[in-house]
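Observations on the three-dimensional arrangement
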There are 2 protein chains.
Amino acid sequence: MPRMSVQSRVSRNIQRIRREKDLSQEEVAHRTDIHQTYLSGVETGKRNPSILVVERIAKALGVDVSEIFKPN
Amino acid sequence: MPRMSVQSRVSRNIQRIRREKDLSQEEVAHRTDIHQTYLSGVETGKRNPSILVVERIAKALGVDVSEIFKPN
DNA sequence: TTGTGACTATTAGTCCGTT
DNA sequence: CAACGGACTAATAGTCACA
């Protein structure tokens, strides 16, 4: 899977990890204080979040930020 | 070096890689079409760039985006 | 060559409801 | 529970004159 855009990479990783941990978007929204609708936009690759937002999501998912940017 | 903020992590990695490749901020600015002053702000941890901006910088530096987010 | 402050234009991010 | 849309506000993208 070469040269995938950073947005799809991030969205896939976030969704995968969130599901692995059995968390709902609403739960992550609560933990991060980011709206569910926005998280949805991130997970569907429609949003271009800042690195601080990605950091908050990573924390809420209990993983290091670098996990979110791993190629898939 | 535990739990360093994503901003310092990103700024350090970008600056380190850029210097390893012997590039000036202006050269990277030209390649990314991002202004030198903005890059400076990113490298000094004062900006909170979006993931698309980080992707452009990574490309200009010839590394995968994940490199930029590696802990240091 | 890199950093700063100040600024405007654009986008990130919120909040509402609805599917 | 997740996605979509619109309307809105806060924050970032991007520029400049200068140190």
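Reference entry: report on the structure contained in this document. (Residues numbered from 1 in each chain as written. Chains lettered and ligands numbered in written order. Predicted model: local features only at pLDDT ≥ 70, side-chain atom pairs only at ≥ 80, totals over all residues. Heavy atoms only, no water.)

Right, let's talk about the environment of Arg 56 of chain A for a bit. Residue and element names in this part refer to chain A. Within the fold, Arg 56 resides in helix H4 (residues 51-61). As a C-alpha pair, Arg 56 and Gly 45 span 11 residues in sequence and 17 Å in three-dimensional space. Not counting residues up to four positions away in its chain, the partners in contact with Arg 56 are Thr 32, Asp 33 and Ile 34. (Helix = DSSP H or I, 4+ residues; strand = E, 2+ residues; numbered from the N terminus. Contact = heavy atoms within 4.5 Å.)

A separate point is the protein's contact with DNA strand C. Not every one of the 20 residues close to DNA strand C is listed here, only the nearest: His 35, Tyr 38 and Arg 47 of chain A together with Gln 25 and Lys 46 of chain B. When the atoms of DNA strand C within 4 Å of the protein are sorted by group, sugar and phosphate make up 64%. In this structure, Tyr 38 of chain A approaches DNA strand C through a side-chain N or O atom, which is 2.2 Å from a phosphate oxygen. One of the side-chain N or O atoms of Ser 50 of chain A is found 2.9 Å from a phosphate oxygen in DNA strand C. Among the secondary structure elements, those contributing two or more residues to the surface near DNA strand C are helix H3 (36-43) of chain A together with helix H2 (25-32) and helix H3 (36-43) of chain B. At three residues, H3 of chain B tops the list of elements feeding residues into the surface near DNA strand C. Taken together, the residues that form the surface near DNA strand C break down as four nonpolar, 10 polar and six charged. (Near = heavy atom within 4 Å. Polar contact = N/O pair within 3.5 Å; in protein donor to acceptor, adjacent residues only side chain to side chain. Nonpolar A, V, L, I, M, F, W, Y, C, P; charged D, E, K, R; others polar.)

Before going further, it helps to examine the nonpolar core. Residues Leu 61, Ile 68 and Phe 69 of chain A together with Leu 61, Ile 68 and Phe 69 of chain B are the most contacted members of the largest nonpolar core, which totals 41 residues. With sequence-adjacent residues up to four places away left out, Phe 69 of chain A is seen in contact with Val 6, Arg 9, Val 10, Asn 13 and Val 54 of chain A together with Ile 51, Asp 64, Val 65, Ser 66 and Phe 69 of chain B. (Core = buried A, V, L, I, M, F, W, Y, C linked by side-chain atoms within 4.5 Å. Buried < 20%, exposed > 50% of the residue type's maximum accessible area, 1.4 Å probe, protein only.)

In this section: the protein's contact with DNA strand D. Surveying the vicinity of DNA strand D reveals 19 residues, the closest of which are Gln 25 of chain A together with His 35, Tyr 38, Asn 48 and Ser 50 of chain B. Put simply, 62% of the atoms of DNA strand D that lie within 4 Å of the protein are in sugar or phosphate. At a separation of 2.7 Å, a phosphate oxygen of DNA strand D approaches a polar side-chain atom of His 35 of chain B. Taking Ser 50 of chain B, its main chain carries an N or O atom lying 2.5 Å from a phosphate oxygen of DNA strand D. Of all elements in the fold, only helix H1 (6-20), helix H2 (25-32) and H3 of chain A together with H3 and helix H4 (51-61) of chain B reach the threshold of two or more residues within the surface near DNA strand D. In terms of residue count, the dominant contributor to the surface near DNA strand D is H3 of chain A (three residues). Grouping the constituent residues of the surface near DNA strand D by class yields three nonpolar, 11 polar and five charged.

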